[in-house]
Amino acid sequence: MFPSCYSKPAGSGAKRSSIAKLLLGVFVVYMLHTVWLLYGFLNTKPCDGGTGEHCIASYLTSRPRLQLSVFTCLVPDNSQLNLAVKIDPFDPHSTFERQVNVSLPQETRANGTLYAVVYVHKAGVSPLEDSREVHYAAQLTTYLTPTHTEGPRDMQKQQQSPRSENPVSHWRPHLSITMMSEDFTFNKAGLPSDVRRYMRVSQDGRQMIYLPLLLVNELSFRVRDLVEISSSTAHLPLTVSYEGISLRGFRFWVHLQDVVYSLRQFGFTEENIDEIKETLVGSNLYLLVLTALITALQLICEFLALKNDISSWIEKKSMVGMSRKSVLWRCLSTLLIFLHLLEETSLLVLLPVGLGACVEVWKVFKVFNIQWLWKSSKVHANKLDEEERRTVEYDTQASRYLSYLVYPLCISGAIFSLAYLRQKSYYSWLINSLVTGVYAFGFLSMAPQLFINHKLRSVGHLQGTVLMYRGVNTLISDLCSCASFFSSSVSFSSSHQLSCFRDELLFFLYLYQRRRYAPKARRRESGSHSKKLKTQ
């Protein structure tokens with residue numbers, strides 16, 4: 001009785017719904033697993049010796065007299081140690097800061113490295129003779145490519161005599177030492193893996209004790225604080241600071257340093273890692289957990305939006321109601337953003353942007369009805385029907401009205417950015433000017449599509465699910481950016497985030513047009529469907 005044409009859309013819709021439910025289920029399971037891990041991280045239970053558990057007590061419980069010594073060396077071993085700082089007696093619960101001048105060996109001045117070895121040992125005893133000493137080695141130097149801020153004359157000199165861009169040794173002027181000063185008793189069977197890496201266990205009669213958990217905070221230094229080491233540099237200042245922390249704080253810093261190490265493996269630059277460090281260090285644990293949950297939600301929304309966008313364009317047979325100029329503009333703007341980010345970001349950020357650019361290029365071929373004939377190796381453009389030609393006319397009319405506003409703004413912006421040309425090349429100036437125009441006026445590219453919707457009195461040609469996912473995603477980003485701006489001194493907003501406003505603006509206008517035009521469309525569809533049933 002029912003037409004057979006309804007079977008295919010229902011099957012494809014059910015398939016898409018099952019994939020979405022599967023992804024949602026995986027996301028829920030992942031979030032529950034993350035919450036369980038965080039609960040175990042925040043609530044480490046102490047050992048109860050009365051129940052027969054094997055406990056490991058702290059060495060600091062007996063209040064031994066300790067000494068903190070900081071040595072410098074070329075190789076982090078027990079040979080050729082030069083004493084830099086000595087704290088005797090050393091109180092693990094205290095907080096102090098000392099500034100000393102460190103003499104640089106000739107090997108370090110010749111673009112070499114220098115290490116700092118921090119020892120906590122018995123007072124009055126050499127750390128090499130103490131069987132219960134703990135130590136931690138950290139680099140005092142790091143290699144970076146030198147950056148030069150030069151004027152036009154200096155740039156001309158540099159072009160005549162180019163400088164070497166090889167990495168140069170830089171000095172870290174701050175050494176931040178932390179140690180767990182809490183008298184916590186661990187359960188041997190339930191020892192956390194992150195603590196086990198830093199733990200040394202010793203036998204004291206029948207009782208097992210663990211030596212102090214020592215850590216050098218690698219998140220304390222910034223790239224802007226590094227000092228380039230030259231061959232004539234004999235001494236450099238070093239600020240040594242210490243802070244006693246709890247078990248929760250110790251595990252927190254260990255996990256943060258693991259995150260920074262993973263970012264380096266993914267290809268993040270030191271400048272990008274610096275921004276992440278300021279975010280991590282300047283926030284508390286609960287805010288970071290909330291940020292991680294929001295980021296996971298945004299990733300799943302972006303993935304679902306991309307999946308629905310590709311599937312809807314694959315099934316789209318007619319381009320009635322689709323703005324060619326909007327699709328072409330979005331393709332060009334995405335490619336420009338990809339070229340702009342290619343010079344200043346990591347591979348992890350470039351991959352989703354590059355995938356989005358490929359999808360936008362494919363949409364251009366789709367909306368312009370361009371096909372590649374493999375047999376003749378020619379490009380063929382299909383002819384348009386009457387409704388598609390009417391859509392093209394509306395698109396051209398809206399683009400002409402929009403050009404009266406966009407062209408003057410873009411030209412004035414390019415003239416205003418001529419000062420950028422004094423410090424960069426012509427290619428960088430061109431890309432920067434175009435990307436600035438995309439960020440500033442990118443939301444105007446949606447105006448032709450909205451104009452076509454108004455003329456056709458319909459929004460059925462748009463994919464509402466994609467707009468919903470992207471609208472929710474960008475709305476969450478904007479709310480988080482505003483909250484972070486008012487709650488801390490760290491600025492999380494960037495020009496790249498401004499390009500997301502086009503999805504949010506289109507989403508709200510789409511909701512307005514859907515409410516205005518959809519009821520009439522439903523009445524027409526219900527009326528035509530009832531007529532078909534009567535004829536049958």
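Look a little higher up for the structure.
Residues numbered from 1 in each chain as written. Predicted model: local features only at pLDDT ≥ 70, side-chain atom pairs only at ≥ 80, totals over all residues. Heavy atoms only, no water.

Draft legend 1. Region of the structure containing the state of the cysteines. Taken as a whole and judged by the stated rule, the model has one disulfide. With a sulfur-sulfur separation of 1.9 Å, Cys 47 is cross-linked through a disulfide to Cys 55. Note on the Cys 47 and Cys 55 pair: the S-S dihedral is about -70 degrees, so by sign convention the disulfide is left-handed. For Cys 55, a relative accessible area of 22% gives the class partly exposed. Cys 358 provides the cysteine sulfur closest to Cys 331, a residue in no disulfide bond, and the two sulfurs are 9.6 Å apart. (Disulfide = S-S within 2.5 Å. Buried < 20%, exposed > 50% of the residue type's maximum accessible area, 1.4 Å probe, protein only.)

Draft legend 2. Seen up close, the packing of helix α5 (residues 247-265) against helix α6 (residues 270-281). Axis separation between α5 and α6 bottoms out at 10 Å; the angle between their running directions is 160 degrees. Viewed along their axes, α5 and α6 adopt a mutual orientation that is roughly antiparallel. As for the relative orientation of α5 and α6, their crossing is right-handed in sense. Contacts between α5 and α6 pair Trp 253, Leu 256, Val 260, Leu 263 and Arg 264 from the former with Glu 270, Ile 273, Ile 276, Lys 277, Leu 280 and Val 281 from the latter. Looking at the contact of α5 with α6, its residues break down into eight nonpolar, no polar and three charged. (Axes fitted to C-alpha atoms, helices over the stretch in contact; angles between N-to-C directions. Helix = DSSP H or I, 4+ residues; strand = E, 2+ residues; numbered from the N terminus. Parallel < 35°, antiparallel > 145°, perpendicular 65-115°, else oblique. Left-handed = near helix turned anticlockwise from the far one by under 90°. Contact = heavy atoms within 4.5 Å. Nonpolar A, V, L, I, M, F, W, Y, C, P; charged D, E, K, R; others polar.)

Draft legend 3. The arrangement of the sheet that holds strand β5 (residues 115-122) in detail. Taken together, four strands build an open sheet; the order of strands is β3-β2-β5-β6 and the sheet is antiparallel. The strands lining the two open edges of the sheet, one partner per strand, are β3 (82-90) and β6 (134-139). Ignoring which end each strand starts from, the neighbouring axes of this sheet average 15 degrees apart. Pairing of strand β2 (residues 66-73) with β3, which is carried by six bridges, proceeds in the antiparallel orientation. Counterpart to Phe 71 in the pairing with β3 is Leu 83. (Pairing = 2+ DSSP bridges.)

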